[in-house]
2 protein chains.
Amino acid sequence: MNRTPIPDIVVGRLPRYLQALRQMAEAGKTTTSSKELGQWLRISAAQIRKDLSQFGEFGKQGTGYAIPFLIEQLQDILNVNRCWDVAIIGAGNLGHAIVRYQGFANRGFCIACIFDNDPAKIGQRIGDHIVEDIANIENAIQKLGIKIALLTVPASEAQAMAEHLVAVGIKAILNYAPVPLDLPPEVRVQNIDPLIQLQHMTYYLE
Amino acid sequence: MNRTPIPDIVVGRLPRYLQALRQMAEAGKTTTSSKELGQWLRISAAQIRKDLSQFGEFGKQGTGYAIPFLIEQLQDILNVNRCWDVAIIGAGNLGHAIVRYQGFANRGFCIACIFDNDPAKIGQRIGDHIVEDIANIENAIQKLGIKIALLTVPASEAQAMAEHLVAVGIKAILNYAPVPLDLPPEVRVQNIDPLIQLQHMTYYLE
């Protein structure tokens, strides 16, 4: 597999292909085509063929893609053929919702622990987890080898907390705080900001 | 203002520019440059200049952008110089977290109402809101002229509920369910899926 020069925008589409293929598999389908996948995702068939061809030969002219095989290949490429332990930072409403969300485990992610700095929250039970003191995060993260954190602290605390996470070994942050994080370039950051997406849509509304 | 042919990918970056400018303004800054804005957002200065130039002349060679003016212009372009009423569909953990989130109002969005179909949830108080019966949504949406919904129902219910929302007048859906929605092309859809973004990052992890 040639891993060198894949544009990040192509990488970002692969999880969507994987998601659609899994839904097709759950619906009992065993093969698909770039055309069908494209209709499902509102992406052109040519784009899908071009994206996938960067990683290898996954389909056959005329017969399309074998869904279970392509799922396996995409899981390998995306490194989700395993379970990544993740840490939730912040036990507010959003932290609670994430811990209780059932959809992570079968898609490559296990919630390992949740932290807060508020004495009123530390020790609280959320689902199967107990909120831990953020002061203990270094130990916990290093003991479990955790590389991924979901950051759900207030905007005013996000940058300092993100820097702390990087200092204790976190390599990838899913940032729910509505501020961009300024971190070393080798740290992966993805932002979830519903307001950005709402404002994208209002452009088109009357 | 020439509204005709702006690529959607450019439109999608404008809310990020607006967010960064507001944060600069809150930090007491009054002018900025495409270079500074680019460093803040990890976008090239050339890209920012090119994006903004599609909407008009907002800066001056050498002196850069006046932040309050550019904020106002971007708010106009994105139609967020007003408050959009939004409806939350689904009063689970995520619906609760969204209703309690304080960050919407000053950025163009007011939570007007929240709906569920679960008799155990209907009538529940969440913050200043009472969960309403989804059976009453048509009345509520049409009375208030609501065009935007945040969809936080389970994946298995998302498509049917989205179709119902469109039938009663919703024009834009922020979809938190981990399934793509198949809706008429004139309906705007943005998806929030933390798993897609996590899988994007694991590609780069060892």
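See the structure shown above.
Overview of the structure. From a predicted model like this one, the values you see are computed outputs, not experimental measurements. (Residues numbered from 1 in each chain as written. Chains lettered and ligands numbered in written order. Predicted model: local features only at pLDDT ≥ 70, side-chain atom pairs only at ≥ 80, totals over all residues. Heavy atoms only, no water.)

1. With respect to the side chain of A:His96
All names here are of chain A. Under the convention used in this document: Strands here are runs of E lasting at least two residues and helices are runs of H or I lasting at least four, both read from the DSSP assignment and numbered beginning at the N terminus. Between buried and exposed lies partly exposed: a residue is buried under 20% and exposed over 50% of the maximum accessible area for its type, with that area taken using a 1.4 Å probe on protein chains only. The contact rule is simple, with two residues in contact once any of their heavy atoms fall within 4.5 Å.
Counting through the fold element by element, His96 comes out in helix 5 (residues 93–100). Given a relative accessible area of 18%, His96 falls into the buried group. Not counting chain neighbours up to four residues away, the residues in contact with His96 comprise Ala91, Gln124 and Ile126.

2. Some words on the interface of chain A and chain B
The criterion, for reference: By buried area we mean how much accessible surface two parts lose on assembly, using a 1.4 Å probe and totalling the loss over both. We define a salt bridge as a contact between a side-chain nitrogen of Lys or Arg and a carboxyl oxygen of Asp or Glu at a distance within 4 Å. Whenever two N or O atoms come within 3.5 Å, that pair is a polar contact, provided that in protein one can donate a hydrogen and the other can accept it, and provided that, for residues adjacent in sequence, both atoms are side-chain atoms. When residues are grouped by polarity, Ala, Val, Leu, Ile, Met, Phe, Trp, Tyr, Cys and Pro land in nonpolar, Asp, Glu, Lys and Arg in charged, and all others, Gly among them, in polar.
Between chain A and chain B, the contact holds 65 residues from the first and 66 residues from the second. Together chain A and chain B conceal approximately 5900 Å² of surface at their shared face, both sides included; 62% is due to carbon and sulfur atoms. Taken together, the connections running from chain A to chain B amount to two salt bridges. For the interface between chain A and chain B, the tally reads 32 residue pairs in polar contact (both at pLDDT 80 or more). The set of elements that each furnish at least two residues to the side of chain A that touches chain B consists of helix 1 (8–26), helix 5, strand 8 (148–151), strand 9 (172–175), strand 10 (188–191) and helix 8 (194–202) of chain A. If one sorts the elements of the side of chain A that touches chain B by residue count, helix 1 of chain A sits on top with 10 residues. Among the residues forming the side of chain A that touches chain B, the class breakdown is 40 nonpolar, 12 polar and 13 charged.

3. A closer look at the relation of the copies chain A and chain B
This is how it is decided: Here the copies are matched by least squares. The fit uses the C-alpha atoms of residues with pLDDT of at least 70 in both.
The two copies are related by a screw motion: chain A maps onto chain B through a turn of 180° and a shift of 0.0 Å along the axis, at an RMSD of 0.0 Å. In the structure described here, the two chain copies are related by an operation that fits a two-fold rotation axis. Looking at chain A, 100% of its interface residues are interface residues in chain B too, so the copies touch through the same face.

4. Re the sheet that holds strand 1 (residues 31–32) of chain A
Residues and elements named next belong to chain A. Here is the rule we go by: A pair of strands is labelled paired if DSSP reports no fewer than 2 bridges between them.
Strand order in the open sheet formed by three strands is 1-3-2, and the pairing between neighbours is antiparallel. A strand with exactly one partner marks an edge of an open sheet, and here the two such strands are strand 1 and strand 2 (59–60). The pairing of strand 2 with strand 3 (residues 64–66) spans two bridges and is classified as antiparallel. By the bridge assignment for strand 3, Lys60 is matched with Gly64.

5. Some remarks on the nonpolar core
Threshold: Buried residues of nine kinds, namely Ala, Val, Leu, Ile, Met, Phe, Trp, Tyr and Cys, make up a nonpolar core once their side-chain atoms join them within 4.5 Å.
A:Leu150 and B:Leu150 are the most contacted members of the largest nonpolar core, which has 94 residues in total. When neighbours within four sequence positions are excluded, A:Leu150 is seen to be in contact with A:Val86, A:Ala87, A:Ile88, A:Ile89, A:Ile98, A:Phe104, A:Leu174, A:Tyr176 and B:Leu198.

6. Some details on the pattern of salt bridges
According to the stated counting rule, one finds six salt bridges over all chains in the structure shown. Among the salt bridges present, the one from A:Asp51 reaches A:Arg13, with a minimum N-O distance of 2.6 Å. Of this pair, A:Asp51 sits in helix 3 (residues 45–53) while A:Arg13 is found in helix 1, placing the two residues 38 residues apart along the sequence. For A:Asp51, a relative accessible area of 1% corresponds to the buried category. Since its relative accessible area comes to 15%, A:Arg13 is described here as buried. Across the salt bridge formed by A:Arg107 and B:Asp193, the nearest N and O atoms sit 3.6 Å from each other.

7. With respect to the environment of A:Ile170
All names here are of chain A. Here Ile170 lies in the loop between helix 7 (155–167) and strand 9. The class for Ile170 is buried, based on a relative accessible area of 1%. In the structure, Ile170 is positioned 32 residues away from Glu138 in sequence and 9.8 Å away in space, judged by C-alpha atoms. Ile170 has contacts with Ile141, Ile146, Lys147, Ile148, Ala149 and Leu165, leaving out every residue within four places of it along the chain.

8. Topic: unusual backbone geometry
Comment: phi is negative for the bulk of residues other than glycine, and the bulk of peptide bonds are trans. Residues and elements named next belong to chain A. In the Ramachandran plot, Arg42 falls in the positive-phi region, its phi being about 55° despite a non-glycine side chain. Inspection of the secondary structure assignment puts Arg42 in the loop between helix 2 (34–41) and helix 3. With a relative accessible area of 48%, Arg42 lands in the partly exposed category. Phi angles above zero are rare outside glycine, and Asn79 is one such case at about 60°. By secondary structure assignment, the location of Asn79 is in the loop between helix 4 (67–77) and strand 4 (84–89). A relative accessible area of 18% means that Asn79 is categorised as buried.

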